Every structure is written in C-alpha cells, then in structure tokens.
Amino acid sequence: MSFRSRALAGRLHLAVVLPRGYGLARHRYPVVYFLHGLPASARGYRGFQLVAGALSRAGRRAILVAPQGARERESDPEYLDRGPGDRWETALADELPRFVDAHFQTLPDRRARALVGLSAGGYGATLLTLHHLSVFSVVESWSGYFHPTDVTGKRPLDLGSRAANRRASVHSLVGKLRRAFASRPTFFGFYVGLADTRFRNENLRLDAELRAAHVPHSFRIYPGGHQPVLWSAHATQWLRTALAHLEPPRP
C-alpha cells in the first residue's frame, strides 16, 4: 500500500496489519505505528513480523502500521525534515496518520495512537512524538538513541546549524516536557540492553536528565546487547505496556 506524499515528493509505502475480527463489526481501533531501524533499503518497512507477532500476543486489539523510513539512494534519513522533497518527519507525523484515519477503522485521536521504534526508529519515534504531542500520546524507544547519528551510529550528524542540531536532539527538549506532558498526558518508555555499547550510555543520560527535570517516564535496562534476541524476548511486554496507555477499541 502507498500514498502520494507531498513531503517526500513521491509515494510513501506502508504495511498494515489488521486485528482479529476487523471488519466484522464497525469497531474502531487504536493504532500502533512502528518505525524500523536505519540504514535500510526502501523495503525495510516490510520487516515488521517480530512486532506483528508480539502485538498479536499482547492481548489487546490494535491496528499495526509499519511505514517506509528510507528509499533507494537515501538509506539513512534519520526520520528528519531535511529540505523540499526530503521531509520524513512531516510525512510520518502528519501525512501518514491522516491517510490511515481516512482509510481504516481507527480511533482518530492522539489518545489512540502510539509511535514505537527500534534502534534508529526509536530515535525517530521519540523525536516525532515530542515534536507532535497533538498527534501521539504513547512513545516507546527500543534500543534507540536520542540525537541524529551517522550510518555507523557512533558519530553525531551535523545538520548544518546550531538551531537544526538542537531541534533534532531529544536532550534539548527535556526542559519543556514536564509542562508539555501535564498539558497532554503522554507515556514515554525507553529500553536498552546492558551490553549495548553504542546506545546504553545515552539512554542512561536521558533517564538522568528526565529524572532531574521531574518528567514522568519509564526506563529499563535488560540483559543483552543490540540484538534481535533482546527484542524478541521483550517485544510483547513492551507492546502490552504501550497498549495499556491507549484508548481501547470501541464501537
């Protein structure tokens, strides 16, 4: 499935998994949007099976939407708005939910939308949610990071100006979140492996910053590294937590 994206000056592709019983009654459902890791191919969004399986085991019905996060010759856009025709944040946080609400039986409300991401997708999910609290009320980062990086995930990405770099850093937003979350109640969870040598320390840093600023959040470190075995072991639990903070399906 795809739609014409003005933000990307092209088509944005997505996979949609519908819950059991969808279509048998006119129920409307919450939506879990899932952002994949980067760098990736233009077909990286198709690797959503781990999340789909975990969602089916989580015990609550929801629509799963896995959008494209990269394209040919642009494997690592970091889910950012970079310029005309290259505005991934706008495509995913604005155009995508409007398309999904128009074509599926959703609950068209921020309280029924979660944005979850893995690795670079965790960065994208966090930044997009915090920039668009009127759209999403739940965000989870699975083994993610919180500032844009190069393709190795080891060096910061310079976006060309101090203002752009600050806007792309979750750390720069911490001071505003206590008031923002009070105005728009938001669940913010992030999880990382103890042996994740690339991203563990930044997760610890953000946890400390949020605690110092009295921003409500959920953070846990698990045995394991930046590996599928960690995500497979805990994805159902993480999604169950996300769904518990969303509006349930209703007629």
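Before reading on, note that the structure itself is shown above.
Before going into details, it helps to say that this report is about the structure given with it. (Residues numbered from 1 in each chain as written. Predicted model: local features only at pLDDT ≥ 70, side-chain atom pairs only at ≥ 80, totals over all residues. Heavy atoms only, no water.)

## Things to note about the overall build of the protein
Next up, step 1: The number of helices and strands found in the protein is seven helices and eight strands.
Next up, step 2: In summary, the protein has a C-alpha radius of gyration of 17 Å against a globular reference of 18 Å for 251 residues, a match within 12%.
Next up, step 3: Projecting the C-alpha coordinates of the protein onto the three principal axes gives extents of approximately 50 × 35 × 35 Å.
Next up, step 4: A burial count over the protein gives 55% of its 251 residues as buried.
Next up, step 5: Partitioning the contacts of the protein with sequence separation of at least 6, the portion at a separation of at least 24 is 75%.
Next up, step 6: Total accessible area on the protein is roughly 11,300 Å²; 51% of this is exposed by carbon and sulfur atoms.
Next up, step 7: Of the side-chain charges in the protein, 35 are positive and 19 negative, and the distance between the mean point of each set is 6 Å. (Helix = DSSP H or I, 4+ residues; strand = E, 2+ residues; numbered from the N terminus. Rg over C-alpha atoms; globule rule 2.2 N^0.38 Å. Buried < 20%, exposed > 50% of the residue type's maximum accessible area, 1.4 Å probe, protein only. Contact = heavy atoms within 4.5 Å. Areas by Shrake-Rupley, 256 points an atom, 1.4 Å probe, with all protein chains shown as cover. Lys, Arg positive; Asp, Glu negative; His and termini not counted. Charge placed at Lys NZ, Arg CZ, Asp CG, Glu CD.)

## Things to note about the side chain of Ser143
Next up, step 1: Structurally, the position occupied by Ser143 is in the loop between strand 6 (138-142) and helix 4 (162-167).
Next up, step 2: Taking relative accessible area as the criterion, Ser143 reaches 0% and is therefore assigned buried.
Next up, step 3: Side chain to side chain, Ser143 and Trp231 meet in a polar contact 2.8 Å long.
Next up, step 4: If we ignore the near neighbours within four places in the chain, the residues touching Ser143 are Ser119, Tyr191, Val192, Gly193, Asp196, Phe199, His226, Leu230 and Trp231. (Polar contact = N/O pair within 3.5 Å; in protein donor to acceptor, adjacent residues only side chain to side chain.)

## A word on empty space enclosed by the protein
Vacant regions in the atomic arrangement are exposed by a probe of water-molecule size rolled over the atoms.
Next up, step 1: Throughout the structure, instances matching the rule amount to one cavity of 30 Å³ or more.
Next up, step 2: Taken as a whole, the largest cavity holds about 30 Å³ of empty space.
Next up, step 3: Taken together, Phe34, Leu35, His36, Gly44, Tyr45, Gly47, Phe48, Ala66 and Pro67 form the lining of the largest cavity.
Next up, step 4: Mapped onto the lining of the largest cavity, the elements with two or more residues apiece are strand 3 (31-35) and strand 4 (63-67).
Next up, step 5: A per-class count over the lining of the largest cavity returns six nonpolar, three polar and no charged. (1 Å grid on protein atoms, 1.4 Å probe; cavity = no way out; pocket = protein on both sides within 12 Å on 5 of 7 lines; lining within 4 Å. Points joined across faces, edges and corners; volume = space filled by probe spheres on them. Nonpolar A, V, L, I, M, F, W, Y, C, P; charged D, E, K, R; others polar.)

## Let's talk about the packing of helix 1 (residues 49-57) against helix 7 (residues 228-244)
Two packed helices can be described by the angle between their axes and the distance between those axes.
Next up, step 1: Their axes nearest at 8 Å, the elements helix 1 and helix 7 cross at an angle of 45 degrees. On the basis of their axis angle, the class for helix 1 and helix 7 is oblique. Between helix 1 and helix 7 lies a crossing whose hand is right-handed. Between helix 1 and helix 7, the residues in contact are Leu50, Val51, Ala54, Leu55 and Arg57 and Pro228, Trp231, Ser232, Ala235, Thr236, Leu239, Arg240 and Leu243, respectively.
Next up, step 2: Looking at the contact of helix 1 with helix 7 residue by residue, the classes come out as nine nonpolar, two polar and two charged. (Axes fitted to C-alpha atoms, helices over the stretch in contact; angles between N-to-C directions. Parallel < 35°, antiparallel > 145°, perpendicular 65-115°, else oblique. Left-handed = near helix turned anticlockwise from the far one by under 90°.)

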